[in-house]
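# Residue-level structure breakdown
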Amino acid sequence: MSPTLTLVSHLLCPYVQRAAIALHEKGVPFERVVIDLANKPRWFLDISPLGKVPLLKVRRPDGSEAVLFESNVICEYLEETQPGARLHPEDPLTRAEHRAWMEFGSAILADLWGYETTQDAAVFEQKRLALAAKFERLEATLGDGPYFAGSSFSLVDAVFAPVFRYFEVFDAISDSRVFDGKPRLNAWRQALAARPSVRDAVVPEYPQHLMAFLRKHQAHLLTLAA
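My aim in this report is to walk through the structure given alongside it, one point at a time. Given the structure is predicted, the values throughout are model-derived calculations rather than measurements.

Reading guide: rules and limits
- Residues numbered from 1 in each chain as written.
- Predicted model: local features only at pLDDT ≥ 70, side-chain atom pairs only at ≥ 80, totals over all residues.
- Heavy atoms only, no water.
- Pairing = 2+ DSSP bridges.
- Helix = DSSP H or I, 4+ residues; strand = E, 2+ residues; numbered from the N terminus.
- Right-handed = clockwise from strand over helix to strand, strands pointing away.
- Axes fitted to C-alpha atoms, helices over the stretch in contact; angles between N-to-C directions.
- Contact = heavy atoms within 4.5 Å.
- Buried < 20%, exposed > 50% of the residue type's maximum accessible area, 1.4 Å probe, protein only.
- Parallel < 35°, antiparallel > 145°, perpendicular 65-115°, else oblique.
- Nonpolar A, V, L, I, M, F, W, Y, C, P; charged D, E, K, R; others polar.
- Phe/Tyr/Trp six-rings, centres within 6.5 Å; stacked < 30°, edge-to-face > 60°.

## Here's the deal with the pairing of strand S2 (residues 31-34)
With four bridges joining them, strand S1 (residues 5-9) and S2 adopt parallel strand pairing. Bridge pairing in S2 links Leu 7 to Arg 32. In the classification by handedness, the crossover that spans S1, the intervening helix H1 (residues 14-26) and the parallel S2 is right-handed.

Shown next as structure tokens:
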């Protein structure tokens, strides 16, 4: 039987990666369809209210199809409906705290967008400092690891793994120094990078695709290469 779940994706989108990581952690079979956001197909625009990825197409038992949009909504649906490892804490208060940190991860992505696309040195430095400050807050929150909440992988980890993946490419160009003096954060980054679900959330050519994206935007970051 073909999968009942289809993840509509883009090769670089960190929000897509959240959903893909959750699907891999659940061990749920799914189909993946990759689109070009610079040339969105008509069928995609017809079913995507915001014109964004990810979308999760869910085939109902009667053969009809539902379409979910927004990554956190998709992740919550997977947590509520799919078997496999639980990715949210059982305690309601702790679960709410995790959801709040997921939103914090989205705020970091907003800063990252400016960091990677700006051509202006002053804006770049502003975004670098904003990222460093947010990572400092995370460092103060983390425990002994290896994951956000200790030994259990959670949806918070699924949110932050794509954030840290960016810096595997960025810091190969020029050291951002945003992780300096943050041993717990660095240990968390390493644990997430080694996780199979995190590795499998992107294609092997991800670094090359990201570099092409930076060149397309004539990113200031590229001017800092040694």
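## A word on the sheet that holds strand S4 (residues 65-69)
Strand pairs in the sheet, formed through backbone hydrogen bonds, run parallel or antiparallel to each other. Strand order in the open sheet formed by four strands is S2-S1-S3-S4, with mixed pairing between adjacent strands. With one partner strand each, in any of the chains shown, S2 and S4 form the two edges of the open sheet. Each strand axis lies, on average, 20° off the axis of its neighbour in the sheet, ignoring direction. Direction of pairing for strand S3 (residues 55-59) relative to S4: antiparallel, over a ladder of five bridges. Of the residues in S4, the one forming a bridge with Arg 59 is Glu 65. The strands touched by H1 are S1 and S2; relative to S1, the strand with the most contacts, the crossing angle is about 150°.

## A few points about the side chain of Ser 154
Turning to its location among the elements, Ser 154 is positioned in the loop between helix H5 (121-141) and helix H6 (155-173). Look at Ser 154 and you get buried, because its relative accessible area is 4%.

## Considering the packing of H5 against helix H7 (residues 183-193)
With their axes 8 Å apart at the nearest point, H5 and H7 run at an angle of 90° to one another. On the basis of the axis angle, H5 is roughly perpendicular to H7. Counted together, Phe 135, Leu 138 and Glu 139 of H5 and Pro 183, Arg 184, Leu 185 and Trp 188 of H7 form the full contact between these two elements. Looking at side-chain class alone, the contact of H5 with H7 contains five nonpolar, no polar and two charged residues.

## Section: the packing of aromatic side chains
Inspection of every chain in the model, using the stated rule, returns 19 aromatic pairs. On the basis of an interplanar angle of 45° and a centroid distance of 6.0 Å, the ring pair of Tyr 115 and Phe 167 is categorised as tilted. Here Tyr 115 is found in helix H4 (residues 92-117), whereas its partner Phe 167 is found in helix H6, with 52 residues between them in sequence. Note on accessibility: Tyr 115 and Phe 167 belong to one class, buried.

## Remarks on the packing of H1 against H4
Following both chains from N to C, one finds H1 and H4 inclined at 150°, their axes separated by 11 Å at the closest point. Along the contact surface, H1 presents Pro 14, Tyr 15 and Arg 18, while H4 presents Met 102, Gly 105, Ser 106 and Leu 109. Its residues placed into classes, the contact of H1 with H4 shows four nonpolar, two polar and one charged.

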